[in-house]
Amino acid sequence: MDVKRALTRRLVGATVAAGMLASAGVGTALAGGPPGVGFYVDDHLYRTVGTPTDFSGTGAPDSSFDKIYALGVGLMNVAEAKPGDRDFNGGRWMVLEVVWAEGVTPVQFTNDADILAAASGQNPSLWINPDPIKQFECPVIPLRGAHAR
């Protein structure tokens, strides 16, 4: 009887442990999973973890967000700030769509200064839509040794 009781306890313990591991995995998946390469800032790649936050429509002032420029399919986004910058807003982001001019082949930018320069002048190669696609929060983690050429 004691052997049967001990086996039952082990089986119940293993089932509970498996359930806890499964629920932790679901929580990680919902939170965006482990850090992945996210975007460029000042010619360096940064990792991030996707979060389910959405500040769109909350009335938060635009100044409380840093801009991320969405360059389009197949291209990595570019952000204007990173941890350590004086004007960094702690990982609160406003995503702005980059619209390429007719006949212009989209290219990978790696810093916001180049994007802003391409959007200005007499013949801009792109336009930045001022209406945010999304406003959210996520961490910014430097990717060591990942510098744009």
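Quantities reported herein were computed from a predicted structural model and do not represent experimental measurements. (Residues numbered from 1 in each chain as written. Predicted model: local features only at pLDDT ≥ 70, side-chain atom pairs only at ≥ 80, totals over all residues. Heavy atoms only, no water.)

## Observations concerning the pattern of salt bridges
- Under the counting rule described, the total for this entry stands at two salt bridges.
- A salt bridge links Asp-42 to Lys-82, with the nearest nitrogen and oxygen atoms 2.7 Å apart. Taken together, the positions of Asp-42 in the loop between β1 (36-41) and β2 (44-48) and Lys-82 in the loop between β4 (77-79) and β5 (92-100) put the pair 40 residues apart, joining distant regions of the chain.
- Looking at Asp-42, the relative accessible area reads 27%, which means it is partly exposed.
- Ionic pairing is found between Asp-85 and Lys-82, a salt bridge with its closest N-O pair at 2.9 Å.
- Residue classification places Asp-85 among the partly exposed residues on the basis of a relative accessible area of 21%.
- Shared partners join several salt bridges into a network, and the residues in it are Asp-42, Lys-82 and Asp-85. (Salt bridge = Lys/Arg side-chain N within 4 Å of Asp/Glu carboxyl O. Helix = DSSP H or I, 4+ residues; strand = E, 2+ residues; numbered from the N terminus. Buried < 20%, exposed > 50% of the residue type's maximum accessible area, 1.4 Å probe, protein only.)

## Concerning the packing of aromatic side chains
- Considering all chains together, one arrives at four aromatic pairs under this definition.
- With a centroid separation of 5.9 Å and 5° between ring planes, the pair formed by Trp-100 and Phe-109 is classed as stacked. We note that Trp-100, like Phe-109, is buried.
- Directly above the ring of Phe-55 sits Arg-92, whose terminal nitrogen or CZ lies 4.6 Å from the centroid.
- The cationic tip of Lys-134 hangs over the ring face of Phe-136; the distance from NZ or CZ to the ring centre is 5.5 Å. (Phe/Tyr/Trp six-rings, centres within 6.5 Å; stacked < 30°, edge-to-face > 60°. Lys NZ or Arg CZ within 6 Å of the ring centre and 35° of its normal.)

## Concerning the pairing of β1
- In this structure, β1 lies alongside β2, joined through five bridges in antiparallel fashion. Residue pairing for β2: Val-41 is matched across the bridge by His-44.
- Between the end of β1 and the start of β2, which pair antiparallel, lie two residues, with Asp-42 showing a positive phi angle near 50°.
- Pairing of β1 with β4, which is carried by three bridges, proceeds in the parallel orientation. Each residue of the ladder has a partner; that of Tyr-40, found in β4, is Val-78. (Pairing = 2+ DSSP bridges.)

## A few points about the environment of His-44
- Structurally, His-44 is set in strand β2.
- A relative accessible area of 33% places His-44 in the partly exposed class.
- Residues His-44 and Val-78 lie 34 residues apart in sequence; the distance between their C-alpha atoms is 9.7 Å.
- At 3.1 Å, the side chain of His-44 and the backbone oxygen of Asp-42 are in polar contact. (Polar contact = N/O pair within 3.5 Å; in protein donor to acceptor, adjacent residues only side chain to side chain.)

## Some remarks on unusual backbone geometry
- Positive phi, close to 50°, is recorded for Asp-42, a residue that is not glycine.
- Even without glycine at this site, Asp-43 takes up a positive phi of about 70°.
- According to the relative accessible area criterion, Asp-43 is partly exposed, its value standing at 24%.

## Let's talk about the side chain of Thr-48
- Within the fold, Thr-48 resides in strand β2.
- Given a relative accessible area of 15%, Thr-48 falls into the buried group.
- A distance of 2.6 Å separates a polar atom in the side chain of Thr-48 from the backbone oxygen of Pro-139.

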